[in-house]
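Commentary on secondary and tertiary structure
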Amino acid sequence: MNISSQKLANLFSRILFGRTDGSSYRRFRFILFIGMIGISLIPVYVTTALHYNEYRALLHREERDQLRSSSLGGKSRVEAYVEQYMSVVRFITMQYSYEELLDQNTTSELLENIRKEYAGFVDLGVVNTDGTLQTYAGPYRLQGVDYSDQQWYHQVLVRTVYVSNVFMGFREVPHFVIAASTKLPGKQEYWVLRVSIDIKSLEQVISRVVAKEARDLFLVDANGLLQTPSRNFGGVLDRYEYFSQPLKNVIDVREKQFNDGQEILQAVVAIENSPWYLVITKVGYSQSDVWKSFSGRIRMIIITSSVLVIVVIFQVVKLLTDRLKDEEQKKRALLSEAEHTSKLASIGRLAAGVAHEINNPLAVISQNAGLMADLIEISKSFENREKFTTSINGIQNAVERCKKITHRLLGFARRMDINLENIDIKDLLHEVLGFLEREALYSQIGIELHIPDDLPMIVSDRGQLQQIFLNILNNGIDAIGKDGTLTITTRVLLSGMIQVAIKDTGPGMTPEIMKHIFDPFFTTKEANKGTGLGLSITYGLVKKLGGNIDVVSEVGKGSIFYVSLPVTNPSRRDENV
Amino acid sequence: MKMSEIKVLVVDDEVEFAISLTERLKLRNFFCRACYSGVDALRLIEENIPDVVVLDLKMPDMSGLEVLSEIRKKYPGIQVIMLTGHGSITSGIQGMEGGAFDYLMKPFDINELEHKIRNASKNIRPAPLGTGGAE
């Protein structure tokens, strides 16, 4: 790959992932994760919230409607009751004259008769025009009581028929009064028929009012005093402090927060022709078990599905980004390998040029020294012959060393293309070890070679084989560190391939590390020491040459790399070199 | 010049190398001459046809391969041994493909060259790589 396309690839990945390191993947993964969760969960939440609210509003409406109809039913029941008693009182005033009723016997008889039909009547009294109780029939001794200062008396004079609040009155028993005023014939004066009614009958009427799921149901007067006993707010004439007077002909339904923190729905409606208000209270739907279990279930479903969605998305995103990362890393490994290769190629070209330039003068030196040796040898007498011969041998040895170096440099130069030739593995391994001898010596690493002499030659690429073994041996030396042995063994496999086993006495690898050692950029060496490319390039080269590479390792015992190579190169089997 | 002497021409632009190599070959009983360019080589061959030409691959005026192909064309009987400073067999192989008898990488041992020259004069070819058969 040339440099400009490499730059383009870098630019692309920078645009896609920001910085091209590990954190950009984490950011990409985070954005993807959040995005996918948003897309899948927001519609669920919105739909659920809409339905939840709709259902709540429906319940709310229904509950209020129900309460309203209960109130209406209760109201008409109580009004019918009031009307009944009022009409009895009106009937008496129409059937009997003032004078007739002043007769004690008549009155008592009348009370007796009425009580047969209407048990609620307690007593019956006739109040004269001055406001004094003139005649009285009933269980109390009230005759002669002056009512002219009492409120009900004033009211009845104004309204003809009047129903009072429940009160204690002179008798100290809660009761209420129905009174009717009648004009004396031919006079501008009124007499009043007064009946008091036991509130038990009122309580009975209230108890018969049907109100589903009502918490409490009672009557109060305009001041909020209880007219019938309540379940929660005390007995008759106790105060119901949450009372507020409704408008006329309106059923007032509202929520009330009670002192104990309970949310209560309250309906208040005025009872016509009476000073009373019917109050029905009810525990709100939001407190009810049905609602509680409903919202509990909703919450459960939402939480469960959210967790499920998050887990699934997390896994999917992880899978996706891991795959992407893998691809990107592979791509980068390829790029880097290409870069590495081109770097090596240019170094190789340089080395080749230098080596060639040096080989020629080396040949001059070698031949001239050789000539000198030849001449000394043929001359009969030559002073210091020994010393000269030694010196010339020294020169020849130096030339030989230089030759090795230049040939090695040239060997690197040829690494790039596959150049097939007949190769003696033994020679090749010796060549490679030539590079490493010094290092091995310093690190006190012994190198043992077990190579049979009858090993067949193989057709392969010298430079690439050099690099393969150089990498593996280097790795072995690095693994051992200091003091150890590298053992190289070769043998012919049944398949006909030649296997080279390189065993080190290093620390060995865990199976986890072993799984990754041929992966690009995987390194266990400290930072800046290993590129993580050596073994991956080696792997690539072995594969390119039609061979296999494998590793066996045990922690504490060292590792063995097995490189098997075909005797004939599969890609060029039919060609001669 | 004895009849048994093998006639060798050394062609190399590296004058000192050619001279000393020639001297050494003479000491080993070869009839040996040296020249320093391809053009000179062809002229000398015309004057006195050698048995073996030791030919450097890389020369300024006319490359070894060109000289080789001239020799093969005009004097098929002359055997050529190529010398290369490249240290690689690739250039040697090029020479072999061009019809050279053998090749040697610089610097080399004189005994090796002597051996190859003697083989060349007897036309005993080394086995070509890979095939295992003769020409």
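Cut-offs applied
Residues numbered from 1 in each chain as written. Chains lettered and ligands numbered in written order. Predicted model: local features only at pLDDT ≥ 70, side-chain atom pairs only at ≥ 80, totals over all residues. Heavy atoms only, no water. Helix = DSSP H or I, 4+ residues; strand = E, 2+ residues; numbered from the N terminus. Buried < 20%, exposed > 50% of the residue type's maximum accessible area, 1.4 Å probe, protein only. Contact = heavy atoms within 4.5 Å. Areas by Shrake-Rupley, 256 points an atom, 1.4 Å probe, with all protein chains shown as cover. Pairing = 2+ DSSP bridges. Phe/Tyr/Trp six-rings, centres within 6.5 Å; stacked < 30°, edge-to-face > 60°. Lys NZ or Arg CZ within 6 Å of the ring centre and 35° of its normal. Expected span 1.5 Å × (residues − 1). Polar contact = N/O pair within 3.5 Å; in protein donor to acceptor, adjacent residues only side chain to side chain. Axes fitted to C-alpha atoms, helices over the stretch in contact; angles between N-to-C directions. Parallel < 35°, antiparallel > 145°, perpendicular 65-115°, else oblique. Left-handed = near helix turned anticlockwise from the far one by under 90°. Nonpolar A, V, L, I, M, F, W, Y, C, P; charged D, E, K, R; others polar. Patch = residues over 30% accessible without salt bridge, like charges linked within 9 Å, V, L, I, M, F, W, Y side chains within 5 Å. Salt bridge = Lys/Arg side-chain N within 4 Å of Asp/Glu carboxyl O. Lys, Arg positive; Asp, Glu negative; His and termini not counted. Charge placed at Lys NZ, Arg CZ, Asp CG, Glu CD. Core = buried A, V, L, I, M, F, W, Y, C linked by side-chain atoms within 4.5 Å. Arc of directions from axis to C-beta. pLDDT = per-residue confidence, 0-100.

Here the focus is the overall build of chain B. Looking only at helices and strands, chain B features five helices and five strands. The linear arrangement of helices and strands in chain B, starting from the amino end, is β-α-β-α-β-α-β-α-β-α. In chain B, which comprises 135 residues, the proportion classed as buried is 53%. Within chain B, contacts between residues at least 6 apart in sequence are counted, and of these 59% link residues at least 24 apart. Within the structure as shown, chain B displays about 6200 Å² of accessible surface, and the carbon and sulfur contribution to it stands at 52%.

Residue and element names in this part refer to chain A. With six bridges joining them, strand β11 (residues 445–450) and strand β13 (residues 484–492) adopt parallel strand pairing. Following the sheet pairing, I445 is matched in β13 by G484. Inspection of the sheet shows β13 paired to strand β14 (residues 498–504) by seven bridges, in the antiparallel sense. Each residue of the ladder has a partner; that of I488, found in β14, is I502. Taken together, β13 and the strand that follows it, β14, pair antiparallel across an intervening segment of five residues, in which G496 is found at a positive phi of about 95 degrees.

Before going further, it helps to spend a moment on the packing of aromatic side chains. Per the counting criterion, the structure on display carries 22 aromatic pairs over all chains. Counting every residue linked through ring pairs, the aromatic cluster contains Y52, Y55, W291 and F294 of chain A. Sitting over the ring of F17 of chain B, K106 of chain B keeps its end group 4.8 Å from the ring centre.

All names here are of chain A. Spanning 19 residues, helix α10 (residues 462–480) covers 27 Å between terminal C-alpha atoms, matching the ideal 27 Å at 1.5 Å per step. For α10, the buried fraction is high: 15 of the 19 residues fall into the buried class. Of the residues that open α10, the one with a side-chain oxygen 2.8 Å from the backbone nitrogen of Q464 is D461. Just downstream of α10, G481 is the residue with a positive phi angle, here 80 degrees.

Residues and elements named next belong to chain A. Relative to the helices and strands, N128 is located in the loop between β1 (121–127) and β2 (133–137). Judged by relative accessible area, which is 10%, N128 ranks as buried. Of note is the side chain of N128, whose polar atom sits 2.5 Å from the side chain of Q134. Here N128 is in contact with Y98, Q134, Y153 and Y190, once residues within four sequence places are set aside.

Attention shifts here to the packing of helix α2 (residues 38–47) of chain B against helix α3 (residues 64–74) of chain B. Residue and element names in this part refer to chain B. Packing of α2 against α3 brings their axes to within 10 Å, and their N-to-C directions diverge by 20 degrees. Considering the angle they form, α2 stands roughly parallel to α3. As for the relative orientation of α2 and α3, their crossing is right-handed in sense. Residue-level contacts link G38, L42 and I45 of α2 to V67, E70 and I71 of α3. For the contact of α2 with α3, a count of residues per class yields four nonpolar, one polar and one charged.

Residue and element names in this part refer to chain A. A contiguous patch of negative charge on the surface is contributed by D130, D146, D149 and E189. With respect to the helices, strands and loops of the structure, D130 is situated in the loop between β1 and β2. Given the relative accessible area of 55%, D130 is considered exposed.

Let us look at unusual backbone geometry. The phi angle of most residues is negative, glycine excepted, and most peptide bonds adopt the trans form. Cis geometry is adopted by the peptide bond preceding P107 of chain B, which originates at K106 of chain B and carries an omega value of -15 degrees. Assignment of secondary structure puts P107 of chain B in the loop between β5 (102–105) and α5 (110–121). Located in the positive-phi region is Q444 of chain A, a residue other than glycine, with phi close to 50 degrees. Looking at the secondary structure, you find Q444 of chain A in the loop between α9 (425–442) and β11. For N29 of chain B, which is not a glycine, the phi torsion comes out positive at approximately 70 degrees. Tracing the chain through its elements places N29 of chain B in the loop between α1 (15–27) and β2 (30–35). Judged by its relative accessible area of 53%, N29 of chain B falls in the exposed class.

Here the focus is the nonpolar core. Residue and element names in this part refer to chain A. If you look at the biggest cluster of nonpolar residues, it comprises 46 residues, and the most contacted ones within it are F121, F176, I178 and W276. With nine residues, helix α2 (residues 22–95) is the largest single contributor of residues to this core. The next biggest cluster of nonpolar side chains, apart from the first, holds 38 residues, and it includes I425, L433, M509 and V563.

All right, on to α2 of chain B then. Residues and elements named next belong to chain B. For α2, the set of buried residues is G38, A41, L42, L44 and I45. For α2, the angular spread of buried residues about the axis comes to 165 degrees, placing them on one side. Of the exposed residues in α2, the ones pointing more than 90 degrees away from its buried face are E46 and E47. If you follow the buried residues of α2, they end up packed against β1 (6–11), β2, β3 (52–56) and α3.

Residue and element names in this part refer to chain B. Of the residues in chain B, 83% have a pLDDT of 70 or more, and the chain-wide mean is 83. By mean pLDDT, helix α4 (residues 89–97) is the weakest element of chain B at 71, and β1 is the strongest at 94. This stretch, residues 127–135, has a pLDDT under 50; its non-local contacts, to residues over four places away or in other chains, come to nine contacts. Predicted complex metrics record ipTM = 0.84 and pTM = 0.47.

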